[in-house]
Amino acid sequence: MSNIVVITLIGILGLLIVLFFIFVPIGLWISSLAANVKISIFNLIGMKLRRVVPSRIVLPLIKARKAGMNLGVNQLEAHYLAGGNVDNVVNALIASERAGIELPFEKAAAIDLAGRDVLEAVKMSVNPKVIETTNVSAVAKDGIELLVKARVTVRADLERLVGGAGEATILARIGEGIVTTVGSAQSHKEVLENPDDISKRVLSKGLDSGTAFEILSIDIADIDVGRNIGAQLQSLQAEADKNIAQAKAEERRAMAVAKEQEMRAYVVEAEAEVPKALAYALREGKMGVMDYYELQNLKADTDMRSSISGTGSIDADLTGDGRND
């Protein structure tokens, strides 16, 4: 019976030891002691209870202490619990210290929590980045389109990285500056002869204000001559003027046709009054019967003459002197 109890106690003790080594990261504790970083077992157990991965805190802390930085466990753990990347922040702090850039831990943590890559920002502060724009279409005063491509050299400004605009704003402002500068030129030849004028004017506008970058230089990489926008606009305007003139002419023709129809209606209406007038004249004795017959004969004679005249002209055309035998 005693053997069974001893074996049970040994099993329970072994299980407790295994659970202790599983729950308590002894390896990290030993590594911290070897690196002269004092972290107690209770701190590691507290991290486990707070659902913090101890390696995400201990390893960056060892790295920082080896780099000569005085960071505390509570700082790194608080940043981890806030959703930050502790290892990336520590790497950025080490890189900034080696480059002689002043970057406090609070500033680096704020940049990281803002969603920006703080290590990439430090690298860009040391090694400026070149941003190339797409072809920017601009039209000079002579109506010639120019396609301008520029290369912008920027350096990250750590002080304005939180709350500052990004690369898209820089590219938009550069495009606006190019369009304004080319549009103010009297001729596209002036721009082609002095492309550095674009760089000087755009750079003097202070386009990096309110952004997370500092513009170091703007270089014109390529300028291509595009379409003759002025000629196209004049052609479109001439076509529009022609259509307007045609519409107005059609309107006047329609009004003339309507006027003609109206006058013909007046004539028909007046002719309809003639028999009434004749009847009234006969009834009142102002015209005799013989006068009426003479008028009818005159009308018939006129119709006959008109008929003979029309027939004669046709016969003359068909049987005239010029025969086609």
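The structure contained in this document is the topic of the report that follows. (Residues numbered from 1 in each chain as written. Predicted model: local features only at pLDDT ≥ 70, side-chain atom pairs only at ≥ 80, totals over all residues. Heavy atoms only, no water.)

**Describing the pairing of strand β2 (residues 136–139)**
What you see with β2 is a clean split: Val136 and Ala138 sit on the buried side and Ser137 and Val139 on the side with no burial. Bridge analysis of β2 against strand β3 (residues 144–156) gives four bridges, and the strand direction is antiparallel. Note on β3: the bridge partner recorded for Val136 is Val148. The hairpin turn running from β2 into β3, its antiparallel successor, is four residues long, and Gly143 in that turn takes a positive phi close to 90°. (Buried < 20%, exposed > 50% of the residue type's maximum accessible area, 1.4 Å probe, protein only. Helix = DSSP H or I, 4+ residues; strand = E, 2+ residues; numbered from the N terminus. Pairing = 2+ DSSP bridges.)

**Things to note about the packing of helix α6 (residues 86–99) against helix α8 (residues 118–126)**
As a packed pair, α6 and α8 sit with axes 8 Å apart at the nearest point and diverge in direction by 15°. Between α6 and α8, the angle is such that the two are roughly parallel. Along this stretch, α6 crosses α8, giving a crossing that reads as left-handed. Residues Asn88, Val89, Asn91, Ala92, Ala95, Ser96 and Ala99 of α6 form the contact with α8, whose own contacting residues are Val118, Leu119, Val122 and Val126. For the contact of α6 with α8, the class distribution of residues is eight nonpolar, three polar and no charged. (Axes fitted to C-alpha atoms, helices over the stretch in contact; angles between N-to-C directions. Parallel < 35°, antiparallel > 145°, perpendicular 65-115°, else oblique. Left-handed = near helix turned anticlockwise from the far one by under 90°. Contact = heavy atoms within 4.5 Å. Nonpolar A, V, L, I, M, F, W, Y, C, P; charged D, E, K, R; others polar.)

**Focus: helix α3 (residues 41–49)**
The set of residues buried in α3 consists of Ile41, Leu44, Gly46 and Met47. Its buried side turned inward, α3 meets α2 (26–34), α4 (54–66) and α5 (73–81).

**Here's the deal with the side chain of Thr153**
Note on placement: Thr153 falls in strand β3. Exposure remark for Thr153: the relative accessible area of 16% places this residue in the buried category.

**A word on the pattern of salt bridges**
One pass over the structure, following the stated rule, counts twelve salt bridges. As a salt-bridge pair, Arg151 and Glu132 come within 3.2 Å of each other at their nearest N and O atoms. Of the two residues, Arg151 sits in strand β3 while Glu132 sits in strand β1 (residues 129–132), which places them 19 residues apart along the sequence. Residue classification places Glu132 among the partly exposed residues on the basis of a relative accessible area of 39%. The network of salt bridges with common partners includes Glu132, Lys149 and Arg151. (Salt bridge = Lys/Arg side-chain N within 4 Å of Asp/Glu carboxyl O.)

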